[in-house]
Each structure stands twice: as structure tokens, then as C-alpha cells.
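Here is how the chains run, residue by residue.
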Amino acid sequence: MTERSDPPQEEPGKQAAKLLEKLRARAAEAGWTGTRRTTLTAKDLLAAGREVSLPPELQRSYLRDLLMEYLEELKAHRKVIYSKSRTDKEKSPLPLEVQLMPFRSTARTVPPEPVWHSAMSWASPYWGRHYTTPPIRAAYSAMNNWFLGAPTGLALPIRERALKIFGGDPFFQQAKHPGEKVFDDLKPKPMLSDPTQLMRLINAFQVDPPLLTRAFDTVPLDEESGYHRTGPGRGLLVIENATTYWSVSHMLKHIDHGLGHVAWGIGNTFTASIGSLDRRDGISHVVYFGDLDATGLRIPLGALRRRLPWLDSIRPAVGLYDMLLRHGRPGKAMPKEARIAPAEARRITDWLAPQHRVRAEALLLRGERLAQEWVSLDHLSTETDWYADMR
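Residues numbered from 1 in each chain as written. Predicted model: local features only at pLDDT ≥ 70, side-chain atom pairs only at ≥ 80, totals over all residues. Heavy atoms only, no water.

Visitor: Could you clarify how one ought to interpret the overall build of the protein in this entry?
Guide: Helix and strand counts for the protein stand at 15 helices and twelve strands. A separation of at least 24 residues holds for 72% of the contacts in the protein among residues at least 6 apart in sequence. Surface exposure of the protein reaches about 20,800 Å², of which carbon and sulfur atoms provide 52%. (Helix = DSSP H or I, 4+ residues; strand = E, 2+ residues; numbered from the N terminus. Contact = heavy atoms within 4.5 Å. Areas by Shrake-Rupley, 256 points an atom, 1.4 Å probe, with all protein chains shown as cover.)

Visitor: What is the right way to look at the packing of helix H11 (residues 294–304) against helix H13 (residues 342–349) in this model?
Guide: Helix-helix packing is described using two parameters, namely the angle between the two axes and the distance between the axes. One way to put it is that H11 packs onto H13 with a least axis distance of 9 Å and a crossing angle of 55°. On the basis of their axis angle, the class for H11 and H13 is oblique. In this structure, H11 crosses over H13, and the sense of that crossing is left-handed. Facing Ala294, Leu297, Arg298 and Leu301 of H11, the residues of H13 in contact are Glu344, Arg347, Ile348 and Thr349. In terms of residue class, the contact of H11 with H13 is made up of four nonpolar, one polar and three charged. (Axes fitted to C-alpha atoms, helices over the stretch in contact; angles between N-to-C directions. Parallel < 35°, antiparallel > 145°, perpendicular 65-115°, else oblique. Left-handed = near helix turned anticlockwise from the far one by under 90°. Nonpolar A, V, L, I, M, F, W, Y, C, P; charged D, E, K, R; others polar.)

Visitor: Quick question: what am I supposed to make of unusual backbone geometry here?
Guide: In this structure, Ala150 is a non-glycine residue whose phi angle is positive, near 55°. Residue position: Ala150 is located in the loop between helix H5 (134–148) and strand S4 (156–157). For Asn203, which is not a glycine, the phi torsion comes out positive at approximately 55°. Mapped onto the elements of the fold, Asn203 is located in the loop between helix H8 (195–202) and strand S5 (204–205).

Visitor: Is there a simple way to explain the environment of Pro195 in this structure?
Guide: Mapping Pro195 onto the fold places it in helix H8. Given a relative accessible area of 53%, Pro195 falls into the exposed group. For Pro195 and Phe183, which are twelve residues apart along the polypeptide, the C-alpha to C-alpha distance reads 9.5 Å. (Buried < 20%, exposed > 50% of the residue type's maximum accessible area, 1.4 Å probe, protein only.)

Visitor: Could you clarify how one ought to interpret helix H9 (residues 242–252) in this entry?
Guide: At 3.6 residues per turn, the α-helix brings residues three or four places apart onto the same side. Within H9, nine of the eleven residues are buried, leaving the element largely enclosed by the surrounding structure. Residues of H9 that are buried: Ala242, Thr243, Thr244, Tyr245, Ser247, Val248, Ser249, Met251 and Leu252.

Visitor: Looking at this model, I keep getting lost on the pattern of salt bridges. Mind explaining?
Guide: Opposite charge on two side chains permits pairing when their charged atoms draw close. As enumerated under the stated definition, the model contains 14 salt bridges in all. Between Arg159 and Asp184 there is a salt bridge; the shortest N-O distance is 2.5 Å. Within this pair, whereas Arg159 is found in helix H6 (residues 158–166), its partner Asp184 is found in helix H7 (residues 182–185), the two being separated by 25 residues in sequence. Arg347 serves as the salt-bridge partner of Glu344, at 2.9 Å between the closest nitrogen and oxygen. Here Arg347 and Glu344 lie together in helix H13, a separation of three residues that amounts to about one turn. Residue Arg347 is classed as partly exposed on the basis of its relative accessible area of 44%. Where salt bridges share partners, they join Glu180, Asp291, Asp293 and Arg369 into one cluster. (Salt bridge = Lys/Arg side-chain N within 4 Å of Asp/Glu carboxyl O.)

Visitor: Can you walk me through the environment of Arg229 in this structure?
Guide: Tracing the backbone shows Arg229 in strand S6 (residues 227–229). Relative accessible area serves as the criterion here: at 18%, Arg229 is assigned to the buried category. Here the alpha-carbon distance between Arg229 and Ala263, two residues 34 residues apart in the chain, equals 9.1 Å.

Visitor: I keep staring at the nonpolar core and nothing clicks. Help me out?
Guide: What tends to happen in soluble globular proteins is that the nonpolar side chains get buried as a cluster. Leu237, Leu292, Leu320 and Trp386 are the most contacted members of the largest nonpolar core, which has 57 residues in total. The residues contacting Trp386, other than those within four sequence positions of it, are Val248, Met251, Leu252, Ile255, Gly319, Leu320, Met323 and Leu380. The next biggest cluster of nonpolar side chains, apart from the first, holds 29 residues, and it includes Ala139, Tyr140, Ile158 and Val182. (Core = buried A, V, L, I, M, F, W, Y, C linked by side-chain atoms within 4.5 Å.)

Visitor: Help me understand the packing of helix H12 (residues 318–327) against helix H14 (residues 354–365) in this model?
Guide: Interhelical geometry of H12 versus H14 gives an angle of 40° and a closest axis separation of 11 Å. In this view, H12 runs oblique relative to H14, as classed from their interaxial angle. With respect to the hand of their crossing, H12 and H14 are arranged in left-handed fashion. Contacts between H12 and H14 pair Val318, Tyr321, Asp322 and Leu325 from the former with Gln355, His356 and Arg359 from the latter. Classifying every residue of the contact of H12 with H14 gives three nonpolar, two polar and two charged.

Written as C-alpha cells, this is what we have:
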């Protein structure tokens with residue numbers, strides 16, 4: 001059976017066509033590609049209408065009426081759609097919103113399939129499916145390359161494994177898909193949507209953040225403490241992200257070190273939660289480790305402003321930052337951090353150990369970052385210099 005098609009519509013008149021051109025230009029300035037509908041407001045309509053060449057007297061007195069006439073014409077030609085109902089109290093014929101209809105083809109270009117490793121052969125039937133988006137294909141390709149590179153056998157927390165797989169792929173070095181969070185967001189069928197199958201496939205495991213009021217391990221502290229004792233020392237190691245907190249805590253149980261306590265900083269929360277420490281906790285100083293980006297460096301500086309008189313210092317975990325700079329591959333910083341002023345980059349990197357400042361400052365000025373999850377369990381378990389300064 002042949003599908004019925006409507007007769008072709010004539011093109012709108014000259015002035016209506018000019019208005020359509022101006023509306024599309026305004027939408028394009030906001031990032032519209034013309035392949036899907038997009039919404040413009042009455043304010044956009046008026047701004048576009050003023051750019052349409054009309055006699056001055058009509059611009060002043062009859063602009064809204066003329067715009068409505070042109071919009072009706074564009075609607076009849078299926079260039080725009082809108083509702084006539086208005087919810088404001090203005091005496092205006094213009095609709096509150098107008099949807100521009102797409103005018104460009106949405107035909108997809110599917111790139112050639114890679115040569116699959118046997119562990120990724122399940123992905124082949126899904127490569128060309130309509131719901132397999134470019135990020136999903138990029139994830140399949142990166143996973144395939146990882147398998148072809150003969151990965152090591154040590155099981156890792158999921159975010160650390162994600163960096164091993166995606167951290168060197170240019171597609172996943174962008175701020176909108178940072179490598180360590182790929183498995184947080186992508187849930188395509190058939191494999192990545194099943195956590196059990198996925199963990200088995202990539203030899204990883206899920207790490208859950210600790211309960212903030214739970215006391216851990218051998219020497220419980222106060223019932224409400226958000227950190228746990230890991231040795232006889234008086235230093236407190238604070239780690240920005242939950243995955244690295246887990247990996248470091250796990251390794252500290254198996255090595256001889258001089259650290260006293262370890263805590264998950266919960267990102268920027270540490271700038272306030274440091275105030276909950278009490279002299280009776282027996283903590284003399286804080287050692288901090290976070291992402292090498294503007295936010296990660298501002299966190300300990302913010303905590304320093306809450307300086308407690310009996311707390312000696314908040315200093316960088318030199319060995320961990322050294323490991324991060326040695327093993328990490330930079331990714332793009334978030335847009336709000338990508339244009340940092342040189343003076344600000346110098347100010348926040350000055351908190352780091354002298355041997356790390358120049359490289360960290362250059363990283364920030366390039367608009368890049370290093371996720372702390374590059375300090376992964378496999379490196380922590382095979383290297384010994386990362387905890388030497390934690391006394």
C-alpha cells in the first residue's frame with residue numbers, strides 16, 4: 001500500500017519568507033541546527049520583525065499586526081506552529097511561543113564497524129540501530145580498543161576502570177562526557193544496561209560511598225564521625241571523591257604507614273565540614289587530595305579559611321599528586337573553569353608542593369583537568385612512595 005502524501009505547499013510570500021529567515025537566524029545563534037523543532041518567544045518574534053524591512057510608519061504602529069499576518073502565512077505553509085491562546089495580560093495578537101519546524105535532513109551517517117575483539121562481538125548487531133547514538137558507538141569503540149590492548153587482570157572500582165578504558169579517547173576527554181563518568185550515564189542495551197554483566201565484562205566492581213555517620217574499622221571514634229581511624233598517627237587524610245577514598249582506604253589497611261585518619265571530603269562540602277573537627281579528636285593536621293582542576297584546588301583553600309586554632313595545617317598529599325601527574329591523562333575542564341585567569345591559576349596552584357605548581361598551572365591555563373581517579377587501585381597496590389609524606 002502506498003502511503004498518501006499531502007500536495008506540495010506554495011512557498012510563503014516575500015515578507016513572510018524574510019521573517020522566517022530572521023527567526024531561523026536567531027535560533028541558529030542559540031545553537032539550533034535546523035534538524036528538530038525549536039521554540040522562540042514573543043520577544044524573539046518582535047526582535048526578528050524589527051529586522052524585516054518595513055516602512056517606518058508600519059514599524060511603529062502596525063508591527064505586531066503585520067507579524068501576526070506573516071505568522072499565519074508561515075503556519076499555513078507549515079514553517080511554524082503555535083497556539084493562539086495567550087496567558088499574559090498584554091493586548092497583543094502575538095502568541096507567547098512559536099515553534100520553528102525543522103528544515104534540514106536528519107539522515108544519520110553510521111561509521112564503519114571496528115574489527116571486534118571476541119569480548120565485544122555482542123556489540124556488532126547494535127552498531128547500526130537507530131537508538132545507538134554517537135556516544136554509545138564511541139563507548140563501544142573505546143571498550144573494543146581496550147580489550148585489543150590486552151588489559152591487566154586486577155579488578156578495579158568502576159570509575160577507575162572507566163578512566164582506563166575511556167581516558168585516552170579524544171571523544172571522552174571533553175567536559176560533557178568525562179571519562180571517569182561514562183558508565184554513570186550510558187545505559188544502552190544489551191550489555192551496558194546490566195550492571196552484573198558489565199562488571200564481569202570489564203573486570204570492575206561498584207564502590208558505594210560510606211554512610212556519613214558511620215564509624216569504620218578498628219578504633220571507632222564518636223558515633224557521629226564522618227571519618228575513620230586507620231593508624232596511630234594524628235594526621236587526617238581527606239579525599240575529594242568517593243572512589244579514590246575507597247581505594248586509598250582499602251590499601252591503607254595493608255601497608256605500614258603513619259597516618260591516623262582518613263575521610264571522604266564529599267567535594268566542596270569539606271570547606272564547611274572541617275568545622276566539625278574537635279580538639280578532642282586528636283587530629284593535628286590535614287593532608288588533602290583532590291582533582292587537579294580549579295574546583296579541586298579551591299576546596300582546600302576554602303577549608304583553610306575555616307582554620308581551627310589547634311589545627312597545624314591543611315597541606316597537599318604530595319605523593320598522591322605526584323602519582324596523579326605521572327599516570328593521569330588530561331581531559332577538558334568544565335566550561336566555567338576552562339577560561340581561568342593566569343593570576344587566579346597561579347594563586348590556587350601555589351597551595352601545591354613546589355615541584356607540582358608549574359605543571360598544574362599550565363594544565364589549568366590549557367583548559368584541562370586531571371580526575372583524581374587516575375590514582376587507581378592498581379597503582380596504589382604496586383607503588384610505595386604515595387604514602388611516604390602522610391605522617
